[in-house]
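Close look at the chain arrangement
Listed here are the chains, written in short residue letters.
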Amino acid sequence: YMISSWSTGFWKITGTIVSTNAGAAVFIGWVGLGFTVGLSGYVKFALVAYIFSLILVIVFAKPLRRQKLFTLADLFTARFGGRAGILPSILSAFIYSVPTLALQLIGMSTVFNITMGWDQTTGLIVGTILILAFSILGGLPATILTDAIQSVLILVGLIVLAIVTVMHVGGISDLFANTSWEFLSPISPEGMSETLLYALSVGPFYLVWQSTWQRIFAAKDEKTALRAGITGHVIVMVISFLPFLIGVSARQFVDLTMNQDLVFAFVTNELLPTPVAGIIFVALLAALMTGATSFNLQGASNLTRDMYQVLINPKADNKNLLLVSRLTVILITLLGLGAAFFITNINDAYRWALMVNGVL
């Protein structure tokens, strides 16, 4: 339920890495960032994230997989003993899992609003029910299996939307000719030092992102953990450039005062015929679902393995741990639902979660 029996193959691990990395922040947040700050956002947010993720995989995947652990905090306990893993588990469960789960719920409610006309509250509640049903019944094995399938939809959806958007503004040459250098430069207007400072404040988080660690643990062997980790993160490093390109292109025909979190939905509705737009929204919904289930399982594994088993019931058997895991999935998901009502900007909320976790 929590670690997929340490037996997952190459393509499933690759697919779940792609899907988990392509949630609300990528589809909605990063299109909005491309719209407001340009391609420098790719360097500060996406590129640095996957460089640090690759460092984690290349340097540590084999020794980590050899440990056959469940969570990041397990390593603290194994290394330092006692209750050393409790603090990182609390940070992972509440400071990261809850707000990032909330972002996925906000994205799902946006899709429901666009496609079905539901208000935000209805969309958030329906999204919560869907996420709970899926993650309680299936656990990480179900998440990884559907991730592998959904990763295809995600890749196709982003590629199609990027091609259509760029062609709508006359192609790459016209886009570059009609866009100021401020939005094309890989370096933010504040300069290289500001770009590096910003990137390095976010990047270290990806060395301790439990989602990547769990994929390493879930792999069937060390070779699979290394190869799938590298393949998955190289794919998302390349594909994550597209949301920023879409956002920069949208500046040619979208009202520049539009809220950045609405740009993705507007571009999709404006440029694509209904059947194709439907595919894009299905891809987005798939990405949001898989991200949400990954994050609530991450938080639940922290609370179950690192807190309940250490502090409350060290002799708990697997049946008892499974029950507690499902209960903590419900807790994390409901906390995420509560947080979703207070988040006003996807990028700011996600950046805050990354920086706090990475620093601490």
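Notes on the structure in this doc start here. (Residues numbered from 1 in each chain as written. Predicted model: local features only at pLDDT ≥ 70, side-chain atom pairs only at ≥ 80, totals over all residues. Heavy atoms only, no water.)

1. Some thoughts on helix α15 (residues 318-340)
Taking 1.5 Å of rise per residue, 23 residues should cover 33 Å, and α15 covers 32 Å from first to last C-alpha, within 8% of that figure. Looking only at α15, the buried set comprises L321, V324, S325, T328, V329, I332, T333, G336, L337 and A340. (Helix = DSSP H or I, 4+ residues; strand = E, 2+ residues; numbered from the N terminus. Expected span 1.5 Å × (residues − 1). Buried < 20%, exposed > 50% of the residue type's maximum accessible area, 1.4 Å probe, protein only.)

2. Digging into a nonpolar patch on the surface
There is a patch of nonpolar side chains on the surface, built from I51, I55, I58, V59 and F60 and spanning about 430 Å² of accessible area. Relative to the elements of secondary structure, I58 occurs in helix α3 (residues 40-67). (Patch = residues over 30% accessible without salt bridge, like charges linked within 9 Å, V, L, I, M, F, W, Y side chains within 5 Å. Areas by Shrake-Rupley, 256 points an atom, 1.4 Å probe, with all protein chains shown as cover. Salt bridge = Lys/Arg side-chain N within 4 Å of Asp/Glu carboxyl O.)

3. Describing the nonpolar core
Core analysis: the largest hydrophobic core is formed by 75 residues, its most contacted members being F27, W30, F264, V267 and L284. By size, the runner-up hydrophobic cluster in this structure holds 17 residues, among which are I13, I17, L69 and A225. (Core = buried A, V, L, I, M, F, W, Y, C linked by side-chain atoms within 4.5 Å.)

4. Notes on helix α12 (residues 241-250)
In terms of burial, α12 is a largely internal element, 9 of the 10 residues being buried. Of the residues making up α12, those classed as buried are L242, P243, F244, L245, I246, G247, V248, S249 and A250.

5. Section: the side chain of H233
Its location among the elements puts H233 in helix α11 (residues 222-239). Setting aside residues up to four positions removed in sequence, H233 forms contacts with I17, N21, Y50, S53, L54, V57 and T212. (Contact = heavy atoms within 4.5 Å.)

6. Focus on the packing of aromatic side chains
What characterises a pair of aromatic rings is the spacing of the ring centres plus the angle enclosed by the ring planes. Counted under the stated rule, the structure contains 7 aromatic pairs. When the centroid spacing of 6.3 Å and the interplanar angle of 85 degrees are considered together, the rings of F264 and F281 count as edge-to-face. Placement of the pair is F264 in helix α13 (residues 263-271) and F281 in helix α14 (residues 274-312), with a sequence separation of 17 residues. A network of ring pairs unites the aromatic residues W30, Y42, F241 and F244 as a single cluster. The ring of F10 is capped by R227, whose NZ or CZ atom sits 4.6 Å from the centre of that ring. Its end group placed over the ring of F183, R251 keeps NZ or CZ at 3.7 Å from the ring centre. (Phe/Tyr/Trp six-rings, centres within 6.5 Å; stacked < 30°, edge-to-face > 60°. Lys NZ or Arg CZ within 6 Å of the ring centre and 35° of its normal.)

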